[in-house]
Amino acid sequence: MVSFSIFVIAAYLAVLVFALINRGQTVSHPWLFLLRGFFPSWRFFDAPGSQPRLFVRVMGDDDQWSQGSLFIPRAPFRFRDLFYNSENNLRLAEQTLVDHLSLDLHTLSGDQSAESLVSYLLVQRLAHAVAKTVARGQSMKAFQFEIRLIPGLGDPVSEELLLISPIFKEADYVS
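*Asks:* Which residues make up helix α4 (residues 86-106), and what are the values?
*Replies:* Its 21 residues place the ends of α4 30 Å apart at the C-alpha level, agreeing with the 30 Å of an ideal helix rising 1.5 Å per residue. Among the residues making up α4, those that are buried are E94, Q95, L97, V98, L101, S102, D104 and L105.

Here is the structure:
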């Protein structure tokens, strides 16, 4: 049993060394794509640049759209979070989901629709949850989300719009 554990750790380290040697090359094999959650992404350290962000807007009872609300995943810090921090881990996973959708949109082929991506469907669910918090207890008729690339610090380039979703009607809205 111990030798199997050593083999798994050695294989993991070998993949990391291989990834460091072949930096900058895109790996596009479908099986490796499924394993991307197990290996750290070093793109964050390459260069500061544009960051994908989720914007959500909501249509209320008055048929008026709210301004697009920027979703920034922040969890409050508490002392116990030093030992167990599930809420912040969830917020980081939500932002990682938006990052994955941005990467998937960049690698999307011309004949493929964004709605067919699993990351799109997961961000749609995240946007629905964010829309409910944006509505703040008011009834919500519909919502829509956008993925925008926000420039990094000191970057003079304006933001770039990657995706505008269709309008999603709220299922439990009764008129």
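*Asks:* Quick one: what's the story with the nonpolar core, residue by residue and with numbers?
*Replies:* Counting residues in hydrophobic clusters, the biggest one holds 24 residues, and the most contacted among them are L54, L101, Y120, F145 and L163. For this core, the secondary structure elements donating two or more residues are β1 (51-59), α4, α5 (118-135) and β3 (142-150). Counting residues per element, this core draws most heavily on α5, at eight residues. If we ignore the near neighbours within four places in the chain, the residues touching F145 are L54, F55, V56, Y120, V123, Q124, A127, L163, I164, S165 and F168.

*Asks:* With reference to specific residues and values, describe α5.
*Replies:* The end-to-end C-alpha distance of α5, which contains 18 residues, comes to 26 Å, matching closely the 26 Å that a straight helix rising 1.5 Å per residue would cover. Where the residues of α5 are buried, they touch β1, β2 (69-71), α4, β3, β4 (160-164) and β5 (168-169).

*Asks:* Hey, could you go over the confidence of the model for the protein chain for me, with residue numbers and the actual values?
*Replies:* For the protein chain, per-residue confidence averages 81 on the pLDDT scale, and 78% of positions sit at 70 or higher. Predicted confidence in the protein chain is weakest over helix α3 (residues 43-46), with a mean pLDDT of 56, and strongest over β3, with 93.

*Asks:* How would you sum up the pattern of salt bridges? Please name residues and give values.
*Replies:* All told, the structure shown has five salt bridges when counted by the stated rule. Among the salt bridges present, the one from R91 reaches E94, with a minimum N-O distance of 3.3 Å. Taken as a pair, R91 and E94 lie in helix α4 at a separation of three residues, close to a single helical turn. By relative accessible area, E94 is classed as buried at 15%. One salt-bridge network, held together by shared partners, links E146, R148 and E159.

What counts and what doesn't
Residues numbered from 1 in each chain as written. Predicted model: local features only at pLDDT ≥ 70, side-chain atom pairs only at ≥ 80, totals over all residues. Heavy atoms only, no water. Helix = DSSP H or I, 4+ residues; strand = E, 2+ residues; numbered from the N terminus. Expected span 1.5 Å × (residues − 1). Buried < 20%, exposed > 50% of the residue type's maximum accessible area, 1.4 Å probe, protein only. Core = buried A, V, L, I, M, F, W, Y, C linked by side-chain atoms within 4.5 Å. Contact = heavy atoms within 4.5 Å. pLDDT = per-residue confidence, 0-100. Salt bridge = Lys/Arg side-chain N within 4 Å of Asp/Glu carboxyl O.

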